[in-house]
Amino acid sequence: MRYARQTVLADLGQEGQAAFAEAKVLIVGVGGLGSPLALYLAAAGVGCLGLVDADRVSLSNLQRQILFQTPDIGQTKVTIAKNNLEALNPDVRCVLHPVFLDNQNAEDIAKDYEIIVDASDNFETKYLLNDLCVKLNRPLVYGSILRFKGQASVFWAERGPCYRCLFPRLPREAIPNCAEAGVLGALAGVIGSIQALEVMKLILLMKDRLPVHHETLLGRLLSFDAATMTQTINRLPKDPDCPVCSRAREDIVLPELDLSCALETEAVPNLARDWQNYRWIDVREQGEWDQGRVPNALHWPLSKLNQGLIPEKISGPTVIYCQSGVRSRQALKRLKAEDFVAVLHYPEGFGGWVGPVERGK
Ligand SMILES: [Zn+2]
């Protein structure tokens, strides 16, 4: 009875449902996209869901990451996700990978899954996932969101283009992420749900059960604009000179990721609680600083750091913060290059700060 509303669909039926139950899907990123996606796949009875995410739930996640609730703040995301998904549907088994995906662990984690879903929020991971999927010959269900716009596609080099056929290389200049540019939670719901639909169609396709009048987003890019409620679909050509999918699979070398910032903050997850044990450095500009800051913080605006005005070395464990975690990450790279040690950045930024605030000039 649980699946009655979908097995009654002639295009799915009991056999399609059996294919769902056997499927193994890896979801990389249990956040804004990963939440609706995982909820719908679990509810539909997709048998095995791998969940990759090293983060903990924070207050500013709750606006869009609907797998989590306020009492979950501070808990490991994948653990809460597993509890909620398996409570939603005990037929589903969640396999937890509480790590950041990198070129060392990616193949080992992904090889047991048939379909990989990109629900990540950063370009480095998107490129890694693309190359991984080409190498392992797996379909990649792609999604991304920023401000009011979202995109989705399916990349599968054996049957169509890969992500690098479109965008051969990681952009050199920093592209804002959702923390900096903002996003509406419901948009994550739209794109995450589209990704869930594509996963279900791919499961049927891989079992030769996809009805002929259905079509996946393989080789097509769907762009959705929530501000105007318009949707466009563009055909994506395969690039015969693509730097990745034109090569033999065994020759593909996975790119190295710079996740040093993320790994270090994970090792110190309770910065907000233990804030008094650290020296805090605010890299925001004067106007932001005046409106409120972490008590006793030092003020080193990023604009000054970027002009090469590097302050004296400081001792003891230090945390850099900005408003949303983007500038602090840049500042961290800058200071590491100047041999500052024991420096972390605070990915939540002052926007997610729940501790005491000092105001005034
Ligand atoms: Zn390609």
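Note that the coordinates shown come from a computational prediction; the quantities given were computed from them, not determined experimentally.

Caption draft 1: Structural view of the coordination of the zinc ion. Around the zinc ion, the protein contributes the donor atoms Cys162 (SG), Cys165 (SG), Cys242 (SG) and Cys245 (SG), which lie 2.3 Å from the metal centre. Given four donor atoms and angles of 96 to 123° at the metal, the environment of the zinc ion is assigned as tetrahedral. Positions of the donor residues of the zinc ion, expressed as sequence spacing, correspond to C-x2-C-x76-C-x2-C.

Caption draft 2: A look at the domain arrangement of the chain. Domain boundaries in the chain define domain 1 (4–251) and domain 2 (260–352). Its C-alpha centre places domain 1 at a distance of 32 Å from the equivalent point of domain 2.

Caption draft 3: Representation of the pairing of strand β1 (residues 24–28) within the structure. The buried count for β1 comes to four of five residues, which makes it a mostly enclosed element. Inspection of the sheet shows β1 paired to strand β2 (residues 48–52) by five bridges, in the parallel sense. Directly across from Lys24, in β2, lies its bridge partner Cys48. A crossover links β1 with its parallel partner β2, the connecting element being helix α3 (residues 34–43), and its sense is right-handed.

Caption draft 4: The arrangement of the packing of aromatic side chains in detail. Under the defined criterion, the tally for this structure stands at eleven aromatic pairs. Summarising the aromatic geometry, the rings of Tyr142 and Phe155 are spaced 5.5 Å apart at their centres and angled 65° between planes, so their arrangement reads as edge-to-face. With Tyr142 in strand β5 (residues 140–146) and Phe155 in strand β6 (residues 149–155), the pair connects residues that are 13 residues apart, well separated along the chain. Per residue, the accessibility class of Tyr142 equals that of Phe155, and both read buried.

Caption draft 5: Seen up close, the layout of surface pockets. Taken as a whole, the second largest pocket holds about 470 Å³ of empty space. Taken together, 21 residues make up the lining of the second largest pocket; nearest its centre are Leu9, Phe20, Leu197, Met200 and Lys201. Mapped onto the lining of the second largest pocket, the elements with two or more residues apiece are α3, α9 (185–206) and β7 (220–225). Broken down by element, the residue count for the lining of the second largest pocket peaks at eight residues, all from α9. Looking at the lining of the second largest pocket, its residues break down into 14 nonpolar, three polar and four charged.

Caption draft 6: Local environment of a nonpolar patch on the surface. Residues Leu59, Ile73 and Val354 make up a contiguous nonpolar surface patch of roughly 270 Å² in combined accessible area. Among the structural elements, Ile73 can be located in the loop between β2 and α4 (77–88). On the basis of relative accessible area, Ile73 is assigned to the partly exposed category, the value being 36%.

Calculation rules
- Residues numbered from 1 in each chain as written.
- Predicted model: local features only at pLDDT ≥ 70, side-chain atom pairs only at ≥ 80, totals over all residues.
- Heavy atoms only, no water.
- Donors = N, O, S within 2.8 Å, 3.2 Å for Na, K, Ca; no water.
- Tetrahedral: all angles 85-135°; square planar, octahedral: opposite > 155°, others 65-115°.
- Domains from an automatic or database assignment.
- Buried < 20%, exposed > 50% of the residue type's maximum accessible area, 1.4 Å probe, protein only.
- Helix = DSSP H or I, 4+ residues; strand = E, 2+ residues; numbered from the N terminus.
- Pairing = 2+ DSSP bridges.
- Right-handed = clockwise from strand over helix to strand, strands pointing away.
- Phe/Tyr/Trp six-rings, centres within 6.5 Å; stacked < 30°, edge-to-face > 60°.
- 1 Å grid on protein atoms, 1.4 Å probe; cavity = no way out; pocket = protein on both sides within 12 Å on 5 of 7 lines; lining within 4 Å.
- Points joined across faces, edges and corners; volume = space filled by probe spheres on them.
- Nonpolar A, V, L, I, M, F, W, Y, C, P; charged D, E, K, R; others polar.
- Patch = residues over 30% accessible without salt bridge, like charges linked within 9 Å, V, L, I, M, F, W, Y side chains within 5 Å.
- Areas by Shrake-Rupley, 256 points an atom, 1.4 Å probe, with all protein chains shown as cover.
- Salt bridge = Lys/Arg side-chain N within 4 Å of Asp/Glu carboxyl O.

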